[in-house]
Amino acid sequence: MRMSSGVEWALHSCVTLGQSHDPVPVARLAELHGTPPAYTAKHLQALSRAGIVRSAMGQAGGYTLTKPASEISALQVVRAIDGDEPAYRCAEIRQRGPLGIPAGQCARPCAIARAMAAAEAAWAHALAHVSIADLAADIDADSGGTAIADVREWLTIKR
């Protein structure tokens, strides 16, 4: 399954937003992650349309999560960025060519479509059970327990 780079950026942004009590400007998120500000803003707008983040205007404006990080799944972020279209679309090849099966004999999806649907369902199930808070905890564990504290401290430095 192929996902856009925007999914990674959006997941990192959500983890970061989960560490701040105040709105975080797009420019700060882009700086922290080394991503282009315009592209970061585009993905934050997609997250906003999906109800995952909200923007605050004004001098202290920026983005915040709309609910606790523990209530936002990785799957919600992936779908907000890349959409919810299935990764595999059956073209009913079994009905084509010299040995094609008549449509009337195709009462259920073919074995290939069933296998692909099962794989996509397993993938979605796995991501639905990983929250932004889970990702933050794992990122912190991977860093020896310093990453999240470092992010929180970096966010408090005024630039």
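Residues numbered from 1 in each chain as written. Predicted model: local features only at pLDDT ≥ 70, side-chain atom pairs only at ≥ 80, totals over all residues. Heavy atoms only, no water.

Focus: helix α1 (residues 5-17)
Here comes step 1: The end-to-end C-alpha distance of α1, which contains 13 residues, comes to 18 Å, matching closely the 18 Å that a straight helix rising 1.5 Å per residue would cover.
Here comes step 2: All buried positions along α1 are accounted for by G6, V7, A10, L11, S13, C14, V15, T16 and L17. (Helix = DSSP H or I, 4+ residues; strand = E, 2+ residues; numbered from the N terminus. Expected span 1.5 Å × (residues − 1). Buried < 20%, exposed > 50% of the residue type's maximum accessible area, 1.4 Å probe, protein only.)

Looking at helix α5 (residues 111-128)
Here comes step 1: For α5, built from 18 residues, the straight-helix expectation of 26 Å at 1.5 Å per residue is met to within 8% by its first-to-last C-alpha distance of 25 Å.
Here comes step 2: Close packing links the buried residues of α5 with α4 (74-82). (Contact = heavy atoms within 4.5 Å.)

Focus: unusual backbone geometry
Here comes step 1: Of note, the phi angle at E92 is positive, near 55 degrees, even though the residue is not glycine.
Here comes step 2: Looking at the element boundaries, E92 is found in the loop between α4 and α5.
Here comes step 3: E92 sits in the partly exposed class, given a relative accessible area of 24%.

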